[in-house]
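The primary structure of each chain is shown beneath.
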2 protein chains.
Amino acid sequence: MQISRSMEYAVRSLVYLASSNKPLSLRQIAKGENIPAPYLAKIMRVLVNGKIVNSTKGRNGGYFLLSPPQKIALYDLYILFEKKEKLLPCFENASFCPAGKNCSQKIVWFKIEKAVMDAFKKVSLKEMVNKNKLRKVKYERSFNQIT
Amino acid sequence: MQISRSMEYAVRSLVYLASSNKPLSLRQIAKGENIPAPYLAKIMRVLVNGKIVNSTKGRNGGYFLLSPPQKIALYDLYILFEKKEKLLPCFENASFCPAGKNCSQKIVWFKIEKAVMDAFKKVSLKEMVNKNKLRKVKYERSFNQIT
DNA sequence: ATAAAATGGACTTGCTAAGTCCACTTTTAA
DNA sequence: TTAAAAGTGGACTTAGCAAGTCCATTTTAT
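Because the structure is a prediction, the values reported are computed rather than measured.

Thoughts on the packing of aromatic side chains
Now for step 1: With the rule as written, the count across this model stands at five aromatic pairs over all chains.
Now for step 2: Judged by centre distance (5.8 Å) and plane angle (80°), the ring pair of B:Tyr9 and B:Tyr39 falls under edge-to-face. One end of the pair, B:Tyr9, is in helix H1 (residues 5-18); the other, B:Tyr39, is in helix H3 (residues 37-49), and 30 residues separate them in sequence.
Now for step 3: Through pairs of rings, three or more aromatic residues link up here, namely A:Trp109, B:Tyr78 and B:Phe120.
Now for step 4: Its end group placed over the ring of A:Tyr75, A:Lys121 keeps NZ or CZ at 4.7 Å from the ring centre.

Side note on the protein's contact with DNA strand C
Now for step 1: Near DNA strand C there are 26 residues, and of these A:Arg5, A:Lys42, B:Leu26, B:Arg45 and B:Ser55 occur at the shortest range.
Now for step 2: Of all DNA strand C atoms lying within 4 Å of any protein atom, the proportion belonging to sugar or phosphate reaches 69%.
Now for step 3: At a separation of 2.9 Å, a sugar or linking oxygen of DNA strand C approaches a polar side-chain atom of A:Arg59.
Now for step 4: Between DNA strand C and the protein, one listed contact pairs a phosphate oxygen with a side-chain N or O atom of B:Tyr63 at 3.1 Å.

Quick notes on the protein's contact with DNA strand D
Now for step 1: With respect to spatial proximity, 25 residues lie near DNA strand D, and among them A:Leu26, A:Arg45, A:Ser55, B:Arg5 and B:Lys42 are the closest.
Now for step 2: Within the side chain of A:Tyr63, a nitrogen or oxygen atom sits 3.2 Å from a phosphate oxygen of DNA strand D.
Now for step 3: The contact in question runs from a base oxygen of DNA strand D to an N or O atom on the side chain of B:Lys42, over 2.6 Å.
Now for step 4: At the level of secondary structure, the elements contributing two or more residues to the surface near DNA strand D comprise helix H2 (26-33), strand S1 (53-56) and strand S2 (62-65) of chain A together with H1 and H3 of chain B.
Now for step 5: Residue classes in the surface near DNA strand D are distributed as six nonpolar, ten polar and nine charged.

Parameters at a glance
- Residues numbered from 1 in each chain as written.
- Chains lettered and ligands numbered in written order.
- Predicted model: local features only at pLDDT ≥ 70, side-chain atom pairs only at ≥ 80, totals over all residues.
- Heavy atoms only, no water.
- Phe/Tyr/Trp six-rings, centres within 6.5 Å; stacked < 30°, edge-to-face > 60°.
- Helix = DSSP H or I, 4+ residues; strand = E, 2+ residues; numbered from the N terminus.
- Lys NZ or Arg CZ within 6 Å of the ring centre and 35° of its normal.
- Near = heavy atom within 4 Å.
- Polar contact = N/O pair within 3.5 Å; in protein donor to acceptor, adjacent residues only side chain to side chain.
- Nonpolar A, V, L, I, M, F, W, Y, C, P; charged D, E, K, R; others polar.

Next up, the structure:
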């Protein structure tokens, strides 16, 4: 059981965005976070459609957060990138399980699932940004080299 | 993020075993839980090596729990079947992340990871067995047909 | 002896996450 | 007004690994 690379990239990109006071281009984010640019493009589209970020086209265009970091929960990203909200395969494909609907195991799985979801709901982007001003400075230096 | 099929099969097989008062053969479990027998064989080996069950060979051989169900936590299975105990890819492959070791995001990920692990630690096999005596009866009937 | 069981490990298959590519639109600086 | 720099959409490829198979071996009860 593991977080997808997409989700990880998304989180890192958003933290990166949250540390900036101006929109950042795909290239800037990709370079700064060491993420393959074409793949990041795909991820950013998901974030745009998911109303997490917005974008402007053309020269000087880029991406920016639509809400302040403390309003963006990791759970919001979870549902965008880990579509299978259900931890268990049997939830998706009930035919597998001979017990069908009257399965006492489900109750337990649901409990676990809820605990996991709650863990993601409790954390906002803000918790991931604040503590390292060092990184922010480093990144801003990188911007200057790029632009 | 999803539980592996292996883990699901393992849980179901163990619940099945917990409902029986005698050792059950691979075939019996596979049939009863509708799991491909050769694949289940692989899973049972992991459970034997992991000291969750024990086995006897030869005629009338089979598998049985090594501990009472309330002593077997889902977490014990988690560490056997979801080897990547770490939720995040970056934990495995630190080189990906430009922030390296001094990464404030890690602290947050660890929190989430702990919450997930705790959820699995809290649940024992017993919670998954008790409630459906119906299934037990049904299964025992199946045994009779098979043996 | 033989049939029924587990064991070990090499092998194949299939799914899907991860990543690429390209044609297109929008914007703006020169 | 045009060229370069940005995002968009979607089809496509690659690669890794979970899921599943197979077979040769060992063990044991009858």
